[in-house]
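# Chains, contacts and geometry: an overview
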Amino acid sequence: MSQRIDLNADCGESYGAWRLGDDDALLRVVSSANVACGFHAGDPTTLRATCARAVDQGVRIGAQVGYADLRGFGRRFIDVPAADLTADVIYQIGALQAIARSVGGTVSYVKPHGALYNTIVGNETQARAVIDGVLACAPELPVLGLAGSAFLRLAAGSGLRAVAEAFADRAYTAEGTLVSRTLPGSVLHDPDEIAARVVRMVFDGTVEAIDGTEVELRAESVCVHGDNPEAVQVASRLRQVLEGAGAAITPFA
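All values derive from a computational prediction rather than experimental measurement. (Residues numbered from 1 in each chain as written. Predicted model: local features only at pLDDT ≥ 70, side-chain atom pairs only at ≥ 80, totals over all residues. Heavy atoms only, no water.)

### Here we look at the overall build of the protein chain
Just so we agree on the cut-off: Each helix is a run of H or I in the DSSP string that is no shorter than four residues. Each strand is a run of E no shorter than two, and both are numbered from the N terminus. Note that the radius of gyration is over C-alpha atoms, with the globule rule given as 2.2 Å times the number of residues to the power 0.38. We call two residues in contact whenever any of their non-hydrogen atoms come within 4.5 Å of each other. For accessible areas, the Shrake-Rupley method is used with a probe of radius 1.4 Å. Any residue's cover is judged against the shown protein chains and nothing else. Charged-residue counts in this description rest on Lys and Arg as positive and Asp and Glu as negative, His and the chain ends being excluded. To locate a charge, take atom NZ for lysine, CZ for arginine, CG for aspartate or CD for glutamate.
Within the protein chain one finds eight helices and 10 strands. A compact globule built from 253 residues should have a C-alpha radius of gyration of about 18 Å, and the protein chain, at 17 Å, falls within 12% of that. The principal-axis extent of the C-alpha atoms belonging to the protein chain is close to 40 × 35 × 35 Å. In the protein chain, of all internal contacts separated by at least 6 residues, the share reaching a separation of at least 24 is 72%. Here the protein chain displays about 10300 Å² of accessible surface, and carbon together with sulfur accounts for 50% of that area. Positive and negative side-chain charges of the protein chain, numbering 21 and 30 respectively, have mean locations separated by a distance of 4 Å.

### A word on the nonpolar core
Note on soluble globular proteins: their nonpolar side chains tend to be buried together. Rule in force here: What we call a nonpolar core is a set of buried Ala, Val, Leu, Ile, Met, Phe, Trp, Tyr and Cys residues that are connected through their side-chain atoms within 4.5 Å. A simple rule labels every residue: compare its accessible area, found with a 1.4 Å probe on the protein chains alone, to the largest value its type can have, and call it buried under 20%, exposed over 50%, or partly exposed in between.
Grouped together as the largest cluster of nonpolar side chains are 79 residues, with contacts concentrated most on Leu-96, Tyr-172, Val-198 and Leu-238. Dropping the residues within four chain positions of it, Leu-96 is found in contact with Val-35, Ala-36, Cys-37, Leu-47, Cys-51, Ile-61, Gly-62, Ala-63 and Val-107.

### So, helix α2 (residues 44-57)
Selection criterion: Here the expected span of a helix is defined as 1.5 Å times the quantity of residues minus one. Arc definition: it is the arc formed by the directions from the helix axis to the C-beta atoms. Here a polar contact is taken to be a pair of N or O atoms separated by no more than 3.5 Å, where protein atoms must pair a possible hydrogen donor with a possible acceptor and residues adjacent in sequence count only if both atoms sit in side chains.
When the terminal C-alpha atoms of α2 are compared, their 20 Å separation across 14 residues agrees well with the 20 Å that a helix rising 1.5 Å per residue should span. Along α2, the residues classified as buried are Thr-46, Leu-47, Thr-50, Cys-51 and Ala-54. End-on view of α2: buried residues confined to an arc of 130°, all on one side of the axis. Exposed positions of α2 whose direction lies more than 90 degrees from the buried face are Pro-44, Thr-45 and Asp-56. Buried residues in α2 make contact with β1 (3-11), α1 (23-26), β2 (32-36), β3 (60-65) and α3 (82-102). Between the side-chain oxygen at the start of α2 and the backbone nitrogen of Thr-45 there is a gap of 3.0 Å, and the oxygen is on Asp-43. In the stretch just after α2, Gly-58 is the one whose phi turns positive, near 70°.

### Some thoughts on a nonpolar patch on the surface
Basically, it comes down to this: Each patch groups residues whose relative accessible area exceeds 30% and which form no salt bridge, using 9 Å between like charges and 5 Å between nonpolar side chains of Val, Leu, Ile, Met, Phe, Trp and Tyr. In the sections that follow, a salt bridge refers to a side-chain nitrogen of Lys or Arg positioned within 4 Å of a carboxyl oxygen of Asp or Glu.
Taken together, the side chains of Tyr-15, Trp-18 and Leu-70 make up a nonpolar region of the molecular surface, amounting to roughly 300 Å² of accessible area. Here Trp-18 falls in the partly exposed class, since its relative accessible area comes to 43%.

### Quick notes on helix α7 (residues 191-204)
Helix length check: α7, at 14 residues, gives a terminal C-alpha distance of 19 Å against a target of 20 Å (1.5 Å per residue), a fit within 8%. Of the residues making up α7, those classed as buried are Pro-191, Ile-194, Ala-195, Arg-197, Val-198, Met-201, Val-202 and Phe-203. Turning to α7, the residues buried within the fold contact β1, β6 (162-167), β7 (206-208), β9 (221-224), α8 (231-244) and β10 (247-249). Between a side-chain oxygen at the N-terminus of α7 and the backbone nitrogen of Asp-192 the separation is 3.2 Å; the capping residue is Asp-190.

### A look at the pairing of β2
Selection criterion: At least two bridges found by DSSP between two strands is the condition for calling them paired.
With five of five residues buried, β2 is to be regarded as a mostly interior element. Residues Ser-32, Asn-34 and Ala-36 of β2 are buried on one face, and the alternating residues Ala-33 and Val-35, pointing to the opposite face, are buried as well. Where β1 and β2 come together, four bridges link them in parallel fashion. Along β2, the bridge assignment pairs Cys-11 with Val-35. Inspection of the sheet shows β2 paired to β3 by five bridges, in the parallel sense. Considered in β3, the bridge of Asn-34 is made with Gly-62.

Keep in mind that these numbers describe shape and distance, not what the molecule does.
As structure tokens, then:
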């Protein structure tokens, strides 16, 4: 049975002397790269080099917007006023658009990061603020978010292309949300186990939740977290197994 799926990974998250992830290796495997925009991670030199490598590999570039939280890697909730969050989103997209253009590339989509991503699954105020930011500066860009989230529902209602995403290396609750990173078992590490789960997601549209419940999950893109030590091994195994099962790895954007 043939199927198309995008494989994305977080990239550009090193900052100065602090190195995180193996972007060179990941960009040889994935079809889309969620590139940090400097708020949760990534310095300008790193972001420019990451975009250049993505262009060289034919990988689509996405603006990964987040809270202004370098110290917490964008994984802490911040109660940002809506107007400030909208402005932050505009700032981040604009910065990455300029950096991508400088190396012959372009930003093809927008994806929120970390705590912002999880917050707008249900927080409609912050979801609308992010959407307003995208509409203000790049309404032609698709937005990537958790399948079934308020963010995707509101984005589609605002005229944006809303793209549902699943996570290869994260555990799910019975409600279809991600298990908190503070809980045991929230992050998966075994490449073969992850690959088997993703094949089921892609071809059957389901995933087994952490409590054993079968959850419906239909997505156009699957994410591998670039900061996981096993990221390259997981992404490579995923691509191998998916293509072996008849799936075509191709960008959604």
